[in-house]
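Chain residues, written in single-letter form:
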Amino acid sequence: PTTNQPFTCSYLPDFVATSQNTAVYVANYGVENDPNCNFNTTDSVAQLNPGQSTINNIAYLPPGAHPVAMVETPDAQNLYVLNQGSNTVSDLSPQDLSTQATIPVGNTPAWAAMRPDSRRLYVVTQGDGQLYTIRTDTNAVIPGSPQLVGGAGANFVLYDKNLNRLYV
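Residues numbered from 1 in each chain as written. Predicted model: local features only at pLDDT ≥ 70, side-chain atom pairs only at ≥ 80, totals over all residues. Heavy atoms only, no water.

This part covers the side chain of Gln-130. Of note, Gln-130 is situated in strand β11 (residues 130-135). Beyond its immediate sequence surroundings of up to four residues, Gln-130 is in contact with Val-123, Val-124, Thr-125, Pro-146, Gln-147, Leu-148 and Val-149. (Helix = DSSP H or I, 4+ residues; strand = E, 2+ residues; numbered from the N terminus. Contact = heavy atoms within 4.5 Å.)

Now the structure itself:
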């Protein structure tokens, strides 16, 4: 849930993403059971307003989610957050950071790439070297996915729009 928490807690920002000029999103790899906090985790995504240098909103993820990467769709309708701790991808609304879906993926999601038409999200998992293809209209993993793309340790995927090709 989105709540106001004290900033005496430890937040560990580890990724920044945006596809627009009115909001920037920061993933915070949370600290569990920080003695300075009165809640379980700081696993979260913060929405920043770059024009006012303020934090507009913070969405707290389940404890142990540990977000490590994000991709916003080019149409600014979805913000996909890769959670290494829970082996999931969260689809957040960029408007209010509410959770639209939680998509299970393989062992230790590490990186994602989005097609320019916003219709497919590609997620590579570092723990088992799998590539997941997710339909963004249904948030479902496409049948035949995942595909082995090299084994454990794969940690980056790039979509080449000119050649319609993925590089892992």
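Reading across from one edge, β1-β2-β3-β4 is the order of the four strands in this open sheet, with antiparallel pairing throughout. In this open sheet, the two edge strands, each paired with only one partner strand, are β1 (13-17) and β4 (54-60). Averaged over all neighbouring strand pairs, the angle between strand axes comes to 25°, with direction disregarded. Pairing geometry for strand β3 (residues 44-49) and β4, over six bridges, is antiparallel. Its bridge partner lying in β4, Val-45 is registered against Ala-59. (Pairing = 2+ DSSP bridges. Axes fitted to C-alpha atoms, helices over the stretch in contact; angles between N-to-C directions.)

This part covers the environment of Arg-135. In this structure, Arg-135 sits in strand β11. For the pair Arg-135 and Ser-118, spaced 17 residues apart in sequence, the C-alpha to C-alpha distance is 9.1 Å. Here Arg-135 is in contact with Arg-119, Arg-120, Ala-140 and Ile-142, once residues within four sequence places are set aside.

Here we take up the pattern of salt bridges. If you walk through the whole model with that rule in mind, you get two salt bridges. Notably, a salt bridge pairs Arg-115 with Asp-117, separated by 2.8 Å at the nearest N-O pair. The buried category is assigned to Arg-115, whose relative accessible area is 18%. The closest approach of N and O atoms between Asp-137 and Arg-135, which form a salt bridge, is 2.5 Å. (Salt bridge = Lys/Arg side-chain N within 4 Å of Asp/Glu carboxyl O. Buried < 20%, exposed > 50% of the residue type's maximum accessible area, 1.4 Å probe, protein only.)

Here the focus is unusual backbone geometry. Residue Pro-146 follows Ser-145 across a cis peptide bond; omega there is 10°. The topology assignment puts Pro-146 in the loop between β12 (140-141) and β13 (147-148). Although it is not a glycine, Ala-76 adopts a positive phi angle of roughly 60°. Among the structural elements, Ala-76 can be located in the loop between β5 (67-72) and β6 (79-83).

Before going further, it helps to spend a moment on the side chain of Asn-78. Examined against the element boundaries, Asn-78 turns out to sit in the loop between β5 and β6. Residues within four places of Asn-78 in sequence aside, it is in contact with Val-71, Glu-72, Thr-73, Asp-91, Leu-92 and Pro-94.

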